[in-house]
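Here are the chains, one letter per residue:
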Amino acid sequence: MNIRLAVLLMAFVAPAAAAQSAPDAVAPTITIDCQRPLLPSQQDVARLTGVDNLGQAYLVRTRLMIDTQRACQRNAGIVQIVLARPQASRRLASR
């Protein structure tokens, strides 16, 4: 087998095997009740969005609460809104 081909195969097989063997971590979520909206903590927002700066997390939290209030007002049938980070596709995660 050609050395370059072997290295190329290892480059593709090793990350895929590592991604399959790693347990899926529970993605952080924030649940907002439309009837009684409570501010989530800045730490929860930072965990959800990946923002390291708590000042920026404060601004993101404000924006998220405005957006959730608008969503609750537009759709009268919604009781709760769950905010979650979208998961990257496996192809992008393996790069």
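Undergrad: Any chance you could explain helix α3 (residues 54-74) here in plain terms?
TA: An α-helical segment advances 3.6 residues per turn. Residues three or four places apart therefore align on the same side. Relative to the 30 Å expected for 21 residues at 1.5 Å per residue, α3 spans 30 Å between its end C-alpha atoms, a close match to the ideal helical length. Looking at the buried side of α3, the elements it contacts are β1 (29-33), α2 (42-49) and β2 (80-84). Its side-chain oxygen at 2.7 Å from the backbone nitrogen of G55, N53 defines the N-terminal cap of α3.

Undergrad: Would you mind showing me how to read α2 here?
TA: When α2 is considered as a whole, its buried residues turn out to be V45, A46 and L48. Burial along α2 is one-sided: seen end-on, the buried residues are contained in an arc of 165°. Structurally, α2 contributes buried residues whose contacts are with β1, α3 and β2. In the stretch just after α2, G50 is the one whose phi turns positive, near 85°.

Undergrad: So what exactly am I meant to see when it comes to the state of the cysteines here?
TA: Scanning the entire structure with this criterion turns up one disulfide. Paired through a disulfide, C34 and C72 show a sulfur-sulfur distance of 1.9 Å. For the disulfide bridge between C34 and C72, the dihedral angle about the S-S bond is near -65°, and by the sign convention the bridge is left-handed. With C34 in the loop between β1 and α2 and C72 in helix α3, this residue pair connects regions lying 38 residues apart in the sequence. With respect to class, C34 is no different from C72; both count as buried.

Thresholds, definitions, all that
Residues numbered from 1 in each chain as written. Predicted model: local features only at pLDDT ≥ 70, side-chain atom pairs only at ≥ 80, totals over all residues. Heavy atoms only, no water. Helix = DSSP H or I, 4+ residues; strand = E, 2+ residues; numbered from the N terminus. Expected span 1.5 Å × (residues − 1). Contact = heavy atoms within 4.5 Å. Polar contact = N/O pair within 3.5 Å; in protein donor to acceptor, adjacent residues only side chain to side chain. Buried < 20%, exposed > 50% of the residue type's maximum accessible area, 1.4 Å probe, protein only. Arc of directions from axis to C-beta. Disulfide = S-S within 2.5 Å.

Scope: geometric values only; no functional claims are made or implied.
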